[in-house]
Amino acid sequence: MTAAHVERPHCDRPLLDAANRLMEHNPGYRVEIIGGILAVTPPPDIAHSRALNKLTEPFVAAGLGNGETEVHQGIGVWLPDGPEDYAIPDLSVVDVDADEHLIENNCYDPAVFRLVLEVTSSNYQNDLRAKVAAYAIARIPVYVIVNRRHNRLHVLTDPVANEYDQHRVFAPGQSVTLPDSLGAEVTLDVTEILAAGRPKSASGES
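Calculation notes
- Residues numbered from 1 in each chain as written.
- Predicted model: local features only at pLDDT ≥ 70, side-chain atom pairs only at ≥ 80, totals over all residues.
- Heavy atoms only, no water.
- Helix = DSSP H or I, 4+ residues; strand = E, 2+ residues; numbered from the N terminus.
- Rg over C-alpha atoms; globule rule 2.2 N^0.38 Å.
- Buried < 20%, exposed > 50% of the residue type's maximum accessible area, 1.4 Å probe, protein only.
- Areas by Shrake-Rupley, 256 points an atom, 1.4 Å probe, with all protein chains shown as cover.
- Lys, Arg positive; Asp, Glu negative; His and termini not counted.
- Charge placed at Lys NZ, Arg CZ, Asp CG, Glu CD.
- Expected span 1.5 Å × (residues − 1).
- Bend = angle between axes of the 7 residues up to and from the residue.
- Polar contact = N/O pair within 3.5 Å; in protein donor to acceptor, adjacent residues only side chain to side chain.
- Contact = heavy atoms within 4.5 Å.
- 1 Å grid on protein atoms, 1.4 Å probe; cavity = no way out; pocket = protein on both sides within 12 Å on 5 of 7 lines; lining within 4 Å.
- Points joined across faces, edges and corners; volume = space filled by probe spheres on them.
- Nonpolar A, V, L, I, M, F, W, Y, C, P; charged D, E, K, R; others polar.
- Pairing = 2+ DSSP bridges.
- Core = buried A, V, L, I, M, F, W, Y, C linked by side-chain atoms within 4.5 Å.

A separate point is the overall build of the protein chain. The number of helices and strands found in the protein chain is four helices and 14 strands. Radius of gyration (C-alpha) of the protein chain: 16 Å, near the 17 Å computed for a compact globule of 206 residues. For the protein chain, the spread of C-alpha atoms along the three principal axes comes to 50 × 35 × 30 Å. Sorting the 206 residues of the protein chain into buried and exposed places 48% on the buried side. Accessible surface, the protein chain: about 9700 Å² in total, of which carbon and sulfur atoms supply 50%. One way to put it: in the protein chain the 16 positive side-chain charges average out to a point 10 Å from where the 29 negative ones average out.

So, on to helix α3 (residues 124-137). For α3, spanning 14 residues, the distance from its first C-alpha to its last is 20 Å, which sits close to the expected 20 Å at 1.5 Å a residue. In the structure, α3 departs most strongly from a straight axis at Lys-131, where the bend amounts to approximately 45°. Among the residues of α3, Tyr-124, Asn-126, Asp-127, Lys-131, Val-132, Ala-134, Tyr-135 and Ala-136 are the ones counted as buried.

Turning to the side chain of Arg-114, a few remarks are in order. Mapped onto the secondary structure, Arg-114 falls in strand β9 (residues 113-119). At 2.8 Å, the side chain of Arg-114 forms a polar contact with the side chain of Asp-95. The residues contacting Arg-114, other than those within four sequence positions of it, are Glu-68, Thr-69, Val-93, Val-94, Asp-95, Ile-140, Pro-141, Val-142, Ser-181, Leu-182 and Gly-183.

Position of Gly-183 relative to the elements: it lies in the loop between β13 (175-177) and β14 (187-189). Among the residues examined, Gly-183 registers a relative accessible area of 56% and is labelled exposed. It is 7.1 Å that separates the C-alpha atoms of Gly-183 and Leu-64, two residues lying 119 residues apart in sequence. In this structure Gly-183 touches Leu-64 and Arg-114, once residues within four positions along its chain are discounted.

This next bit is on the layout of surface pockets. Computed from the structure, the largest pocket encloses a volume of approximately 290 Å³. Surrounding the largest pocket, 17 residues form its lining, Arg-30, Pro-44, His-48, Gly-74 and Asp-90 being those nearest its centre. Across the lining of the largest pocket, the residue classes tally to seven nonpolar, eight polar and two charged.

This paragraph deals with the pairing of strand β10 (residues 142-147). Counting buried positions along β10 gives six out of six residues, so the element sits mostly inside the fold. The side-chain alternation of β10 yields two buried faces, one formed by Val-142, Val-144 and Val-146 and the other by Tyr-143, Ile-145 and Asn-147. Where β9 meets β10, five bridges bridge the pair, whose relative direction is parallel. Paired with Leu-115 across the two strands is Val-142, which belongs to β10. Sheet topology note: the β10/strand β11 (residues 152-160) ladder contains six bridges and is antiparallel. If you follow Val-144 over to β11, its bridge partner there is Val-155.

Let us look at the nonpolar core. Ranked by internal contacts, the top residues of the largest apolar core, which has 27 residues, are Phe-59, Leu-115, Leu-117, Leu-153, Leu-178 and Leu-188. Put simply, the parts of the chain that give this core at least two residues each are α2 (46-61), β6 (91-95), β9, β10, β11 and α4 (190-196). With near-sequence residues (within four places) excluded, Leu-117 lies in contact with Leu-52, Leu-55, Phe-59, Pro-89, Asp-90, Leu-91 and Val-144. Residues Ala-98, Phe-113, Ala-136 and Ile-140 belong to the second largest nonpolar core, which totals 21 residues.

Have a look at this one:
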């Protein structure tokens, strides 16, 4: 896929400067700017990491880590809905030439992202609301949310304006095959993924 760079005016970046200072002084925290608002997420718990590792397996097994695409954790996407907006999805499937489409602040053109995925943490409402609008405006074709708070998996497709036209919700006992636009057939076992995201010593979510 050929991606055009997102044009940005050359001006001061007060929010971006603040975000970078927060990251510098709070190692392990994820700092993003969504809709012009700074969002700070504490370091994830082990169950979050376990779910993310379990999720990565079917993407790699389908061959998306080789050839036309790559699978990455924690790389930034530069968002078009604000002059300083960016997000750092937990997992992404990007075009293999994504390196060539660096925009700013170690964030890449949204046009090279085929999928973004979030595993919810304490700020789960941000994943379910603000990021839905942000990723839709960026026209990222597929957004997957592992909703640990409500024990569901969401698959959003077909971005239109600031929302996704299709929003399907899956419960334990179901499986979901993601759209062909990823470049390979990827099927997720909802039970397995949600189980991996539950802390072993507690029923709640940190």
